[in-house]
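Listed below are the residues making up each chain.
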Amino acid sequence: MKGRTAIILVAIMAGLFALIACEEEATPAPEATPVPEVESRLETVMDRGTVICASRDDVPGYGYLDANGNNVGFDIDLCRALATAVLGDPNAIEIRLITAAQRGPTVQSGEVDMLVRTVTWTTSRDAQWGNYAQTMFYDGQGFMVRKDLGIDSALDLKDASVCVTQGTTTELNLQDFSNQYDLNITALTFEDTDLVVAAYESQQCDAFTNDRSQLAAIGSAFENRDDHVILPETISEEPLGPVVPHGDEQWYDIVKTVMGMLIYSEAYGINSGNVPSAETGDTVVDRLFGLSGSYGQETLGISQTAAQDVIRNVGNYGEIYERNLGAGGINLPRENGRNALWADARCTDCPKGGQIYAAPLR
């Protein structure tokens, strides 16, 4: 009997296992939810047909309206160079006009492809706003005053009122400078540069502070420019350059590479009038212009000869500087200054060389 019982129990268990197996076979496994492909920013830009840059139209030299109502300037040309590299057309740009306070939120949101609005590179902005490409202009903060105040130094601004743009590193630097030298400066803040300048011109404040290049640019438009003076002190470091939204390394690399194209073209003596279209025998020139070798165009997703289009249409770094910030623009000297090329310094004179430099294109 015990043997028969054991056999029966085994049979029952086998039946149960078979039933479970059948149920498992009958119940299909749930299908995995496909992960949607996220379009890269390069693909988005190419589908859209334009590069969207956040910038300005109120500061001569950087971003302003010319006599024909066109938005032009150093920052605008950097946007045009990017559009040429990825779309083949320097005019395939949309300039999104924003205030200084809108710079961070605008690039953080990802609604623009590049922020290029005289924006200073700082560690907190790099972490919070977006990825900074290399510095394209080295600046520093200064002060402008009316000559009739008889002030020769920023250290004479004790108990003065100073107009400044709200929510900028300029405002923070002003407070630091006042605290450091116990000047008791009163900051009158305004949301945008136009309002700051209007307040200064109407003598609501004793002085106006901004990056020295912007003081020169804005002052150049004053009706009586000689009535104003820029004080000699520089109170900060202001490295300016393009910023792109976090999250797309390919796009970040493209922007850095395009800025490098501008810089190295000048270093190699290539300008908008002598761009090569056939091998020159100069290895670095031929590589840059897609005539021999590669610096990663295929990985970046740009054409082999993108640099040819960029330099022909927009010019090299020196050409962009001269027409906007140099003799053709607001006349900021470049020679022997920090915005000269690194290549202008020889090893015997290295400390006096410029700092405009980029990752080698190779």
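Keep in mind it's a predicted model, so treat the numbers as computed, not measured. (Residues numbered from 1 in each chain as written. Predicted model: local features only at pLDDT ≥ 70, side-chain atom pairs only at ≥ 80, totals over all residues. Heavy atoms only, no water.)

Engineer: Which residues make up the overall build of the chain, and what values go with them?
Structural biologist: A tally of regular secondary structure across the chain gives 13 helices and 15 strands. Counting across all 362 residues of the chain, residues that qualify as buried make up 48%. At a minimum sequence separation of 6, the contacts of the chain that also span at least 24 residues come to 70%. (Helix = DSSP H or I, 4+ residues; strand = E, 2+ residues; numbered from the N terminus. Buried < 20%, exposed > 50% of the residue type's maximum accessible area, 1.4 Å probe, protein only. Contact = heavy atoms within 4.5 Å.)

Engineer: Help me get a handle on the sheet that holds strand β10 (residues 161–165), residues and values and all.
Structural biologist: Across the sheet, which stays open at both edges, the five strands sit in the order β11-β10-β12-β9-β13 with mixed pairing between neighbours. Either end of the sheet is taken by a strand with one partner, and the two such strands are β11 (186–190) and β13 (228–230). For this sheet the average axis-to-axis angle between neighbouring strands, irrespective of direction, equals 30°. Relative to β11, β10 runs parallel, the two being bridged by five bridges. (Pairing = 2+ DSSP bridges. Axes fitted to C-alpha atoms, helices over the stretch in contact; angles between N-to-C directions.)

Engineer: Quick one: what's the story with the pairing of β10, residue by residue and with numbers?
Structural biologist: Within β10, five of the five residues are buried, which leaves the element mostly enclosed by the surrounding structure. Because side chains alternate across β10, one face comprises the buried residues S161, C163 and T165, and the other comprises V162 and V164, equally buried. Since β10 and β11 lie parallel, the crossover through helix α6 (residues 169–180) that links them has a hand, and here it is right-handed. Two elements, β10 and strand β12 (residues 207–211), share two bridges in a ladder whose sense is parallel. (Right-handed = clockwise from strand over helix to strand, strands pointing away.)

Engineer: Please provide a residue-by-residue account of the confidence of the model for the chain, values included.
Structural biologist: Mean pLDDT for the chain: 89, with 87% of residues reaching 70 or above. For the stretch residues 1–27, pLDDT sits under 50, and the model shows zero contacts to residues farther than four places along the chain or on other chains. Across residues 346–352, where pLDDT falls below 50, the model places two contacts with residues more than four positions away in sequence or in other chains. (pLDDT = per-residue confidence, 0-100.)

Engineer: Before we move on, could you go through the packing of aromatic side chains and cite the residues and values that matter?
Structural biologist: To describe a pair of aromatic rings, one takes the distance between the centres and the angle between the planes. Tallied over the full model, the rule gives 14 aromatic pairs. Considering the side-chain rings of W121 and Y132, the 6.0 Å spacing of their centres and the 15° angle between planes classify their relative orientation as stacked. With W121 in the loop between β6 (114–115) and α5 (123–128) and Y132 in strand β7 (residues 131–132), this residue pair connects regions lying eleven residues apart in the sequence. Plain terms: the ring middles of W342 and Y357 are 4.8 Å apart, the flat faces sit at 65° to each other, and that makes the pair edge-to-face. Residue W342 is found in the segment after α13 (317–324), and its partner Y357 is found in the segment after α13; the two are separated by 15 residues along the sequence. In this structure W342 comes out as partly exposed when scored by relative accessible area, which is 27%. A relative accessible area of 43% means that Y357 is categorised as partly exposed. An aromatic cluster is defined as three or more aromatic residues linked by ring pairs; in this entry it consists of Y62, F74, F137, Y317 and Y321. K256 extends its terminal NZ or CZ atom over the ring of Y252, reaching a point 4.1 Å from the ring centre. Seen from the ring of Y321, R334 lies directly overhead, with NZ or CZ sitting 5.4 Å from the centre. (Phe/Tyr/Trp six-rings, centres within 6.5 Å; stacked < 30°, edge-to-face > 60°. Lys NZ or Arg CZ within 6 Å of the ring centre and 35° of its normal.)

Engineer: Help me get a handle on helix α12 (residues 306–314), residues and values and all.
Structural biologist: Listing the buried residues of α12 in full gives A306, A307, Q308, V310, I311 and V314. Among the residues trailing α12, G315 stands out with phi positive, at a value near 95°.

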